[in-house]
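Observations on the model geometry
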Amino acid sequence: MDPWTFWLGGALALGGGLLTVTRRNAVASVMWLIVAFVGMSTLFLGMDAGFIGVIQVLVYAGAIMVLFLFVIMLLNLTPSGLLRIDRPRWTTLGLASAAAFVALILAIVTGGELWTAGGGDEEAILQATGRDTLIEGGVLDVADQLFNAHVLPFEVASVLLLVAVVGAVALTKRKL
Amino acid sequence: MIAMDTTFLASSPALAALGEITTAHYVVLSSLIFAVGLFGVVTRKNAVVILMSLELMLNGANLAFVAFSRQHANLQGQVFVFFVIAVAAAEAAVALAIIIALNRVKGGVSLDDATELKG
Amino acid sequence: MANLELYGYVILFAPLVATVLITCLTLKHKALSGWVAIAGMLAALTANALMAAEVFSAEPGFTRVYEIEWLSAGSVVIPFGVQVDALSTLMGLVVTGVGSCIFIFSVGYMKGEEGYSRYFACLSLFAFSMLGIVMSTNLIQTFIFWELVGVSSYSLIGYYLEKDSAVDAGKKAFLTNRIGDFGMTWGIILLFYTIVDTLGWDRASFSFEDLRLLYEDTGAVGAIMAEHAGTLALATLLIFTGAVAKSAQVPLHVWLPDAMEGPTPVSALMHAATMVAAGVFLVCRLFFMFAPYPEALAVVAWMGGITAFLAAALAFVQHDIKKVLAYSTLSQLGYMVLALGMGSPPAAMFHLTTHACFKALLFLGSGSVIMGCHHEQDMRKMGGLRKKMPVTFWTFVIGTIALAGIFPASGFWSKDAILGSASINHTVPGATFLYGVGVLVAFMTAAYMGRCVLLTFFGKYRGHAHPKESPATMTGPLVLLAVASLFAGALSLPKGISAEGGWLERALVGVQAAPSWFAGVHEEQFHLSVAIGGTVAALLGLFVAYMFYGSRKWSIDGFVSKVGPLHHLLEKKYYFDEFYLWIVREVQQRVAVLSNFIEVHILRWIVDTIAAIHRWFGGQIRLLLDGHLHRYITLALLGVVVILTAVLVGN
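Being a predicted model, the structure only gives us computed values, none of them experimental. (Residues numbered from 1 in each chain as written. Chains lettered and ligands numbered in written order. Predicted model: local features only at pLDDT ≥ 70, side-chain atom pairs only at ≥ 80, totals over all residues. Heavy atoms only, no water.)

**Some thoughts on the overall build of chain B**
Regarding its fold elements, chain B presents five helices and zero strands. Put simply, 49% of the contacts in chain B that link residues at least 6 apart link residues at least 24 apart. Surface accessibility of chain B: about 4400 Å² in total, with carbon and sulfur atoms responsible for 69%. (Helix = DSSP H or I, 4+ residues; strand = E, 2+ residues; numbered from the N terminus. Contact = heavy atoms within 4.5 Å. Areas by Shrake-Rupley, 256 points an atom, 1.4 Å probe, with all protein chains shown as cover.)

**Observations regarding the nonpolar core**
Among the nonpolar cores identified, the biggest contains 207 residues, and L191, L286, F290 and M349 of chain C are the most heavily contacted of them. With 79 residues, the next largest nonpolar core counts V109 of chain A together with V27, M52 and F82 of chain B among its residues. (Core = buried A, V, L, I, M, F, W, Y, C linked by side-chain atoms within 4.5 Å. Buried < 20%, exposed > 50% of the residue type's maximum accessible area, 1.4 Å probe, protein only.)

**Side note on helix α8 (residues 220–227) of chain C**
Residues and elements named next belong to chain C. Buried within α8 we find V221, G222 and M225. Viewed end-on, α8 has its buried residues packed into an arc of 100°, placing them on one side of the element. Of the exposed residues in α8, the ones pointing more than 90 degrees away from its buried face are A220, A226 and E227. Contacts made by the buried residues of α8 are with α6 (164–199), α7 (208–216) and α9 (229–246). (Arc of directions from axis to C-beta.)

**Looking at unusual backbone geometry**
Residue and element names in this part refer to chain C. A cis amide bond, omega 10°, links V250 with the succeeding residue P251. As for its position among the elements, P251 is in the loop between α9 and α10 (255–258). Even without a glycine there, the phi angle at A248 is positive, about 55°. Structurally, the position occupied by A248 is in the loop between α9 and α10. Positive phi, normally seen in glycine, also occurs at Y575, with a value near 65°.

**Regarding the confidence of the model for chain B**
All names here are of chain B. Predicted confidence across chain B gives a mean pLDDT of 81, with 82% of residues reaching 70 or more. Within chain B, helix α1 (residues 7–10) has the poorest average pLDDT of any element, 49, and helix α4 (residues 47–71) the best, 91. The complex prediction reports pTM at 0.68, with the ipTM value standing at 0.86. (pLDDT = per-residue confidence, 0-100.)

**Topic: the packing of helix α19 (residues 410–424) of chain C against helix α23 (residues 528–550) of chain C**
All names here are of chain C. Remark: α19 packs on α23, axes separated minimally by 9 Å, with the N-to-C direction vectors making an angle of 120°. Here α23 runs oblique to α19, going by the angle between their axes. Considering how the two elements wind past one another, α19 and α23 form a crossing that is right-handed. In this structure, α19 contributes F412, D416, L419, G420 and S423 to the contact, and α23 contributes V530, A531, G534 and T535. Classifying every residue of the contact of α19 with α23 by side-chain character gives four nonpolar, four polar and one charged. (Axes fitted to C-alpha atoms, helices over the stretch in contact; angles between N-to-C directions. Parallel < 35°, antiparallel > 145°, perpendicular 65-115°, else oblique. Left-handed = near helix turned anticlockwise from the far one by under 90°. Nonpolar A, V, L, I, M, F, W, Y, C, P; charged D, E, K, R; others polar.)

**Quick word on the side chain of S470 of chain C**
Residue and element names in this part refer to chain C. Of note, S470 is situated in the loop between α20 (431–457) and α21 (472–487). There is a polar contact of 2.8 Å between the side chain of S470 and the side chain of S368. In this view, S470 contacts S368, M389 and T475; residues no more than four positions away in its chain are not counted. (Polar contact = N/O pair within 3.5 Å; in protein donor to acceptor, adjacent residues only side chain to side chain.)

**Quick word on the packing of aromatic side chains**
Using the criterion set out here, one finds 43 aromatic pairs over all chains in the structure. Within the aromatic cluster, the residues linked to one another by ring pairs are Y9, F13, W70, F80, F128 and F145 of chain C. (Phe/Tyr/Trp six-rings, centres within 6.5 Å; stacked < 30°, edge-to-face > 60°.)

**Considering helix α8 (residues 151–172) of chain A**
Between its terminal C-alpha atoms α8 of chain A stretches 32 Å, which fits the 32 Å expected from 22 residues at 1.5 Å a residue. Residues A157, A164 and A168 of chain A constitute the buried set of α8 of chain A. Along the long axis of α8 of chain A, the arc covered by the buried residues comes to 30°, so they all point the same way. Facing away from the buried side of α8 of chain A by over 90 degrees, the exposed positions are L152, L162, V163 and V166 of chain A. Its buried side turned inward, α8 of chain A meets α5 (76–106) of chain B. (Expected span 1.5 Å × (residues − 1).)

**Quick notes on the pairing of strand β2 (residues 76–85) of chain C**
Residues and elements named next belong to chain C. Across the ten residues of β2, nine count as buried, placing the element largely inside the fold. Here strand β1 (residues 63–73) pairs with β2 via ten bridges, running antiparallel. Pairing of E69 across the sheet is with P79, part of β2. Connecting β1 to the antiparallel partner β2 that follows it, the hairpin turn spans two residues, and G74 within it adopts a positive phi of roughly 60°. (Pairing = 2+ DSSP bridges.)

**A few points about the interface of chain A and chain B**
If you look at the interface, chain A gives 88 residues, while chain B gives 78 residues. Across the chain A to chain B interface the summed buried area is about 7700 Å²; carbon plus sulfur atoms make up 77%. Where chain A touches chain B, the interface holds zero salt bridges. Linking chain A to chain B there are five residue pairs in polar contact (both at pLDDT 80 or more). Listing elements by their share of the side of chain A that touches chain B, those giving two or more residues are α1 (3–22), α2 (26–46), α3 (50–75), α4 (88–111), α5 (113–116), α6 (122–129), α7 (139–149) and α8 of chain A. It is α3 of chain A that contributes the most residues to the side of chain A that touches chain B, 15 residues altogether. Considering only residue class, the side of chain A that touches chain B consists of 58 nonpolar, 18 polar and twelve charged. (Buried area = accessible area lost by both parts, 1.4 Å probe. Salt bridge = Lys/Arg side-chain N within 4 Å of Asp/Glu carboxyl O.)

**Concerning the state of the cysteines**
Tallied over the entire structure, the rule returns zero disulfides over all chains. Free cysteine: C357 of chain C, not disulfide-bonded; nearest cysteine sulfur from C101 of chain C at 8.3 Å. (Disulfide = S-S within 2.5 Å.)

**Quick word on the packing of helix α3 (residues 86–109) of chain C against α21 of chain C**
Residue and element names in this part refer to chain C. Across the interface, α3 lies against α21 with an axial gap of 7 Å and an inter-helix angle of 155°. What the angle tells us is that α3 and α21 run roughly antiparallel. In this structure, α3 meets α21 at a crossing whose hand is left-handed. Counted together, C101, I104, F105, G108 and Y109 of α3 and T473, M474, P477, L478, L480 and L481 of α21 form the full contact between these two elements. Classifying every residue of the contact of α3 with α21 by side-chain character gives nine nonpolar, two polar and no charged.

**Some details on the side chain of S152 of chain C**
Residues and elements named next belong to chain C. Within the secondary structure, S152 sits in helix α5 (residues 139–157). Its relative accessible area of 0% is what places S152 among the buried residues. In terms of polar contacts, S152 uses its side chain to reach the backbone carbonyl oxygen of V149, at 3.1 Å. Ignoring sequence-local partners within four residues, the contact set of S152 consists of C122, L125, F126, S129 and M270.

**So, the environment of I85 of chain B**
With respect to the element layout, I85 of chain B can be found in helix α5. I85 of chain B sits in the buried class, given a relative accessible area of 3%. Once the C-alpha coordinates of I85 of chain B and E55 of chain B are considered, the two residues, 30 residues apart in sequence, prove to be 9.4 Å apart. In contact with I85 of chain B, not counting residues within four places along its chain, are I55, Q56, V59 and Y60 of chain A together with N62 of chain B.

**Thoughts on the pattern of salt bridges**
Residue and element names in this part refer to chain C. Counted according to the given criterion, the structure contains 13 salt bridges over all chains. Between K163 and E261 there is a salt bridge whose closest N-O contact spans 3.3 Å. Of this pair, K163 sits in the loop between α5 and α6 while E261 sits in the loop between α10 and α11 (264–273), and the two are 98 residues apart along the sequence. You can call K163 partly exposed: its relative accessible area is 36%. Its relative accessible area of 23% is what places E261 among the partly exposed residues. In this structure, R604 engages E599 in a salt bridge whose closest nitrogen and oxygen atoms are separated by 3.7 Å. Look at R604 and you get partly exposed, because its relative accessible area is 40%. For E599, a relative accessible area of 40% translates into the label partly exposed. Because the salt bridges share partners, they merge into one network encompassing K172, D258, K573 and D577.

Take a look at the structure:
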């Protein structure tokens, strides 16, 4: 794995994320979230997951976040509270839990062989899985999976999206 | 896929540690992104920001999926991420519709005003 | 032969298709609904006729089973399919043939009714259910259609939804049948359990043909079966309770007279010709299960004899023309069951066939009369209809002659076959007595039918309507059925009249399972003494009816006053309804009160206590859940952290 994609993408994703959740202005949050998604996309590309990396930008950063922007503008939101963090009392507990969660994950992965025995090493992965080459998540490869092995879930997802659209219209319409 | 000459990293022992990226790195990063999203959900009032934080949490999980997909040389992890994104899109559409409805009913999008869901 | 499977499925599903079409598409178009139903029925009739042509020209005992695997659990497979043999073909012909006549008759009879389409949908559904029983290949399939018949019967008895009595009658029929079905369920379970227990899962099956092999085995399996004769006989009798309820034998007969609340064609089709014959058919189908146990057959025979007599007596005191026919049906079903008990399924099936013709004829005739009298059913308000409704009159008379068993109408031959089987039987205790009962019932049948005809068609008209002959859609089926009633006897002329003996008996040879003791019992000989005895009894009956109701030389009132208590007993229908009411009011009510006490004061206390404990805990915990979503999620996260920690520490 290329280290620079990890460090660059990780920094973008984490930094963008942190700024997203701490901005007073929701529009600023959206912008930083887009930065975070670009970082995520970089991470995916670095792991040869090309298709996911592309739709991360196209669908997430492109489509979904535009939807957010529209809604924010529609609601004409004013920046919330003087404090960026709205609830100091529960923040401590939330922060502590989140930190404990990360610590636990850290403890779990560093204790296992993911950390040491060539967790990212191409040779080791090939040896462990008995394959000739590493997988690549190109459009063709993912499409092959989607439309052969997982065609039913795929169709179900399309129905879900349709239902979501209908539901969104039903929720926002004043009078049906 | 994207290649870059990283041999310079190996020249320094300190940088060498940086150069060896394992699946565990990705998992820890994913948990960090998840925790950041969680932090946002817990601390913010603004429903739109909370929704964005949720998206961040989903992305944290996605990262772990792709990392393990690579580790196990199995594309199903990526297929799953595809479905997560589809579900996230559906969720965003419905949730934003709910937020608009909430704004109409409560005159704002602060979740502290919407406390009907209590035991 | 390949077509047989197709024919079978067409017979089975054509009425269902009609039902679906009517319910989904043509509910609004009344006339079309009727014709769709008739088309479905005629399709089934055609397929059945084609099937008959092949089956009856094949060698005796011809049987084909076409099945698909429907349900499987472990090694047990429950199939679904059609069994094509002489028995199912004959019964199918009765259902589709009589059914077609009645469907066509209904077009005229039901004209202008509110739920015309619903009526035809239900009628088609009934035909489907009935044909399902007829074509069934196994006990489970039979049971399913058995229940379906009950449901469709319920919906048709209660057809006049706005009439309380009709709705109540529907419920009564359904509940009474449930009692029989309950027994039948346990019979099937006991039978299956016994076979699994003794012969293992490999031989376990619900299919008729598989069971038959077990019962007719003469080797090791047969020996094991013989060892468990008691249990198997019990299972057989339990299954028979289902037949008792459906064929309305005493003491589960109470629903049938009430079922006359339904439209008259329904009474004709279901409560005279086909549905009530399902019990008789089932016993024929399973006769190999009855045959090895003389005790079981004796129970069957006595039950039939008792029903035949008690019901015939009740027919004398009815004033409603349909009720007379209803009790007559009970009595004739008793005859059929008697024949089964005497070990002669062909005689029972023969009588079933002829009875279906002439009883459907009589019911449709009564329907025509009722229409003519503007929905008046009381015979005291009829009379003198002979001139006004000539077609109805003559066909009704033919039906009466057939039912009374006067030579040469079909009833003569089939009744003679039953009496013949009773006269030579030597296995049923009291067979001679039952033979005497049979002859007595023949006398009574002729007498009450004579009364019915004389009251309805002769004398002076006592009603207020202006009766006139019914339309052609109604008289047409009457004429058809009258012809059938006259000549259906030709199906099975006994030995001594025709050279080869009964055609029907030869065709149904597969039905007979013949263990050694059975030899000779089912020989269908023509016994001159039996025939003369039966005919004399019938003529005597007609004579008595004429003296009372025709010439009025004998006084009815004088006769009634002489046998006062007996008359009262008959008027009260032997107090069966009162007895059941007493059981419900006294016994069941007490049990219900006790159960209620246990439920309220013991069970509910336990449940309430458990609920209270949880409610207390919940009350404490709910303070945490104050509606702030971020607190919920923080708590959830805490939970995740705790669980992860526990797992990590545990490892």
